[in-house]
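# Chain and residue survey
In case you want the letters, here they are:
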Amino acid sequence: QGNKFCVYLKDPEIEHALRELLTNPKVKYCAQNAKFEMSFFRHQFGIELPNVFDTEVMARVACTIKKNHMNYKKIRYGLQACAERENLTKYKPMLDWLKQKGNKAMYHKAPTELIEAYVEQDAWLSWELARRQIETFRHWDRSSLVPISGVVKLEVRTTPHLFNMESKGLLV
């Protein structure tokens with residue numbers, strides 16, 4: 001049951017379509033903590049994601065820029081923390097189920113319907129965070145508060161390289 005998702009992805013037709021989509025340099029991929037997905041696609045399919053917008057990295061960029069206004073060293077950057085800062089909420093039924101079981105490491109025992117809805121909402125939250133972050137960065141650029149677009153482009157270009165370095169044991 002734990003590998004059910006991988007079995008579907010390993011179907012030759014699905015794997016081919018996935019490879020075409022994810023290796024297309026015109027496709028922009030966004031995720032929270034994209035290193036996880038980058039590792040999964042590399043190890044399961046040998047796919048390198050070329051164009052990654054990591055909402056966790058961008059949250060760190062934004063909080064570092066705003067550091068004069070907050071204690072940025074105490075800020076959490078997980079998906080739930082980033083979502084809460086944007087007044088977005090995580091999938092409550094799954095969080096309630098985990099709380100009821102008393103152990104967050106029990107994801108593999110959760111009912112399939114809860115997992116599917118939870119994964120779908122995580123994807124939506126990552127997309128919505130990326131959309132909001134990009135809009136914030138554009139506002140900063142337009143208002144001349146911070147010329148951020150160059151930093152964002154650099155982060156997007158370097159994320160795959162930093163992942164490659166970390167996957168070989170060099171922590172950056």
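We now turn to the structure provided with this report. All figures in this text were calculated on a predicted structure; none of them were measured in a lab. (Residues numbered from 1 in each chain as written. Predicted model: local features only at pLDDT ≥ 70, side-chain atom pairs only at ≥ 80, totals over all residues. Heavy atoms only, no water.)

## Points about the overall build of the protein chain
If you tally the helices and strands in the protein chain, you get eight helices and two strands. In the protein chain, the succession of helices and strands from N to C terminus is α-α-β-α-β-α-α-α-α-α. By sequence separation, contacts in the protein chain at least 24 residues apart represent 58% of the contacts at least 6 residues apart. Approximately 11,400 Å² of the protein chain is accessible, and the part contributed by carbon and sulfur atoms is 57%. (Helix = DSSP H or I, 4+ residues; strand = E, 2+ residues; numbered from the N terminus. Contact = heavy atoms within 4.5 Å. Areas by Shrake-Rupley, 256 points an atom, 1.4 Å probe, with all protein chains shown as cover.)

## Focus: the side chain of T55
Summarising the element assignment, T55 is placed in helix 4 (residues 55–65). Setting aside anything within four residues of it in sequence, one finds T55 in contact with A31, Q32, S126, L129, A130 and Q133.

## Thoughts on the pattern of salt bridges
For the coordinates displayed, the defined rule picks out eight salt bridges. With a closest N to O distance of 3.2 Å, R19 and E15 form a salt bridge. Taken together, the residues R19 and E15, both in helix 2 (residues 12–22) and four residues apart, mark about one turn of the helix. Since its relative accessible area comes to 28%, R19 is described here as partly exposed. The salt bridge involving R132 is made with E128; its shortest N-O contact spans 2.8 Å. One end of the pair is R132 and the other is E128, both in helix 7 (residues 112–142) and four residues apart, which spans about a single turn. Exposure remark for R132: the relative accessible area of 23% places this residue in the partly exposed category. (Salt bridge = Lys/Arg side-chain N within 4 Å of Asp/Glu carboxyl O. Buried < 20%, exposed > 50% of the residue type's maximum accessible area, 1.4 Å probe, protein only.)

## Side note on the packing of aromatic side chains
For the structure shown, the criterion picks out three aromatic pairs. Here the aromatic cluster, defined as three or more aromatic residues joined through ring pairs, consists of F40, F41 and F45. (Phe/Tyr/Trp six-rings, centres within 6.5 Å; stacked < 30°, edge-to-face > 60°.)

## A look at the nonpolar core
If you look at the biggest cluster of nonpolar residues, it comprises 12 residues: L18, L22, Y29, A31, A34, M38, F41, F45, I47, L49, V52 and F163. Mapped by element, the contributors of at least two residues to this core are helix 2, strand 1 (29–31) and helix 3 (35–45). Here this core takes three residues from helix 3, the largest share from any one element. Those residues within four positions of L49 in sequence are excluded, and the remaining contacts are L22, Y29, M38, F41 and P160. (Core = buried A, V, L, I, M, F, W, Y, C linked by side-chain atoms within 4.5 Å.)

## Examining helix 6 (residues 92–101)
Of all the positions in helix 6, only M94, W97 and L98 are classed as buried. Looking straight down helix 6, one finds its buried side chains confined to an arc of 95 degrees; they lie on one side. More than 90 degrees from the buried face of helix 6, the exposed residues found are K92, K99 and Q100. At its buried positions, helix 6 is contacted by helix 7. Phi turns positive one or two residues past the end of helix 6, at G102, with a value near 75 degrees. (Arc of directions from axis to C-beta.)

## Side note on the packing of helix 6 against helix 7
When two helices pack together, their arrangement is given by the angle between the helix axes and by the axis-to-axis distance. One can describe the packing of helix 6 onto helix 7 by two numbers: an axis separation of 8 Å at closest approach and a directional angle of 130 degrees. Taken together, the axes of helix 6 and helix 7 lie oblique to each other. The element helix 6 and its partner helix 7 pack so that their crossing is left-handed. Along its contact with helix 6, which presents P93, M94, L95 and W97, the element helix 7 presents L114, I115 and Y118. In terms of residue class, the contact of helix 6 with helix 7 is made up of seven nonpolar, no polar and no charged. (Axes fitted to C-alpha atoms, helices over the stretch in contact; angles between N-to-C directions. Parallel < 35°, antiparallel > 145°, perpendicular 65-115°, else oblique. Left-handed = near helix turned anticlockwise from the far one by under 90°. Nonpolar A, V, L, I, M, F, W, Y, C, P; charged D, E, K, R; others polar.)

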